[in-house]
Amino acid sequence: MTSITTFFNRCFRTLQFKHESETLYPRFLRFIHEAHRDGVMGDTRYAVALSKAEKLHRFLVIFNLTSVSAAEFTTSHVLQFRQFAYDEYKFVSLHPELYPRGSGHRTPQKRLRDTTVVHDLKLLQAFFAELESTDEISSSPFRKISTEKRRVMMHVMYDAPICLRAEELRRVMTTEVPAALQWAKDLFVLNCAIGCRIGDLLSLTPAKVAVSDDGIPYVHYIPSKTVKLQSSNREVITPLIPPAMEIINRTGLPCMGKNQNYGKQRYNKALRQLLRFCGITRTVSLYSPEVGDNIYKPLCDVATSKLARKTHIDMLNKVQINYYVAGLHQNGSDAVFRYTNLELKDRYELIMAAFGIP
């Protein structure tokens, strides 16, 4: 019995020493892998987290900190990493071995926006918070950052939502485009009609399309981004208007078939070409961290895959404005949605009205 106890104590000390001697980067990777394994991170967030881990690794290599453990990573290191995250593009030419080209690698080319850096810091903060809660470290280095400085560090200035106006969307829908842009037009119009995230759109299959007792076609799915955070398996149900059904019947599901043209950067580029071809050149404002002020560009030059979802939501909001115009409730009142129950047929008519379809 004593020998068995001794054996297990030795094993425990070995594991304890292994973890204690683990440097920051492999420990950070282990945190990410375990979060994915335990369902805390979905597949998409997991992939993003791994790319952020690689950024941390480059920082550690460049500043000769690869031997530093999590317990030795200080508040000064956190602030140094924050500055590196903003200005990593300055180090590319100095350390080309850390920035391979091609094969899906994207080399930093300019100062990062606040949103990306804040997400980098929040992941790192969550990592240290877990280590602190499990007594692997005595205190997170984020705790020694003053409240005011931490508020500034974690603050994100969002741009005003950019979406297409109804007339602009109809122009895209009715414009004959070159064959090379047809796939982007199909994807964009379908996404505007359904309003889901692009990842969910590309994973839809024929099994997710059904027809109600009223003869209304609809799509049903659980959003992949929040599937592991939901308390139930409730699906999003969206009626499919005729333009959406025409695209689905013509291109099939999954969208664009198995040999998809889609790749986030490729789609964004094609979407911008599509909007320019359709004459969507309205000027929109974007905040520039480089100049510390808004800059103004044509909508077709800044569009991304998120534009369709924002357009869908904006169009539906506008056709419901009559609730508030009637004076029954204050603008923005949640009571409107407690007093109404929009069934599938109602929502179908709502989307048809938003798209200007009789």
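Preceding this paragraph is the structure being described.
Criteria and cut-off values
- Residues numbered from 1 in each chain as written.
- Predicted model: local features only at pLDDT ≥ 70, side-chain atom pairs only at ≥ 80, totals over all residues.
- Heavy atoms only, no water.
- Pairing = 2+ DSSP bridges.
- Helix = DSSP H or I, 4+ residues; strand = E, 2+ residues; numbered from the N terminus.
- Axes fitted to C-alpha atoms, helices over the stretch in contact; angles between N-to-C directions.
- Phe/Tyr/Trp six-rings, centres within 6.5 Å; stacked < 30°, edge-to-face > 60°.
- Buried < 20%, exposed > 50% of the residue type's maximum accessible area, 1.4 Å probe, protein only.
- Expected span 1.5 Å × (residues − 1).
- Arc of directions from axis to C-beta.
- Contact = heavy atoms within 4.5 Å.
- Parallel < 35°, antiparallel > 145°, perpendicular 65-115°, else oblique.
- Left-handed = near helix turned anticlockwise from the far one by under 90°.
- Nonpolar A, V, L, I, M, F, W, Y, C, P; charged D, E, K, R; others polar.

(A) Inspection of the sheet that holds strand E3 (residues 236-239) at higher detail. The three strands are arranged E1-E2-E3 in an open sheet whose pairing can be described as antiparallel. Pairing within the sheet leaves two strands with one partner each, and these edge strands are strand E1 (209-211) and E3. Put simply, the sheet's adjacent strands are angled 30 degrees from each other on average, direction ignored. Bridge analysis of strand E2 (residues 217-221) against E3 gives four bridges, and the strand direction is antiparallel. If you follow Val-219 over to E3, its bridge partner there is Thr-238.

(B) Structural detail: the packing of aromatic side chains. According to the stated counting rule, one finds 13 aromatic pairs in the structure shown. Seen in terms of ring centroids, Phe-63 and Phe-91 are 5.8 Å apart; in terms of plane orientation they differ by 65 degrees. Their pairing is edge-to-face. Taken together, the residues span a long stretch of sequence, with Phe-63 in the loop between helix H3 (43-62) and helix H4 (75-86) and Phe-91 in the loop between H4 and helix H5 (114-133) at a distance of 28 residues. Here Phe-84 and Phe-91 contribute two aromatic rings whose centre-to-centre distance is 5.3 Å and whose plane-to-plane angle is 50 degrees, an arrangement assigned as tilted. Here the two residues Phe-84 and Phe-91 agree in accessibility, since each one is buried.

(C) Just helix H11 (residues 264-277), in detail. For H11, spanning 14 residues, the distance from its first C-alpha to its last is 20 Å, which sits close to the expected 20 Å at 1.5 Å a residue. Taken together, the buried positions of H11 are occupied by Tyr-267, Asn-268, Ala-270, Leu-271, Leu-274 and Leu-275. End-on view of H11: buried residues confined to an arc of 170 degrees, all on one side of the axis. Away from the buried face of H11 by more than 90 degrees, exposed residues Arg-266 and Lys-269 are located. In this structure, the buried side of H11 is in contact with helix H7 (166-174), helix H8 (179-194), helix H9 (198-203), helix H12 (299-302) and helix H13 (306-319).

(D) Expanded view of the environment of Arg-58. Of note, Arg-58 is situated in helix H3. As a C-alpha pair, Arg-58 and Tyr-25 span 33 residues in sequence and 9.8 Å in three-dimensional space. Leave out the neighbours within four places in its chain, and Arg-58 touches Phe-84, Glu-88, Leu-98 and Tyr-99.

(E) Representation of unusual backbone geometry within the structure. Following Leu-253, the chain continues to Pro-254 via a peptide bond in cis, the omega torsion being 0 degrees. Residue placement: Pro-254 occurs in the loop between helix H10 (242-251) and H11. Although it is not a glycine, Asn-64 sits at a positive phi angle of roughly 55 degrees. Considering the arrangement of structural elements, one finds Asn-64 in the loop between H3 and H4. With a relative accessible area of 67%, Asn-64 lands in the exposed category. A positive phi angle, near 65 degrees, is found at Asp-135, a position not held by glycine.

(F) Local environment of H7. Within H7 the residues assigned to the buried category are Glu-168, Leu-169 and Val-172. Looking straight down H7, one finds its buried side chains confined to an arc of 100 degrees; they lie on one side. In this structure, the buried side of H7 is in contact with H8, H11 and H13.

(G) Local environment of the packing of H8 against H10. Closest axis-to-axis distance for the H8/H10 pair is 9 Å, and the angle between their directions is 135 degrees. Viewed along their axes, H8 and H10 adopt a mutual orientation that is oblique. Two packed elements cross with a definite hand, and for H8 against H10 that hand is left-handed. Between H8 and H10, the residues in contact are Gln-182, Asp-186, Val-189, Leu-190 and Ala-193 and Ala-244, Ile-247, Ile-248, Arg-250 and Thr-251, respectively. Of the residues that constitute the contact of H8 with H10, the class distribution is six nonpolar, two polar and two charged.

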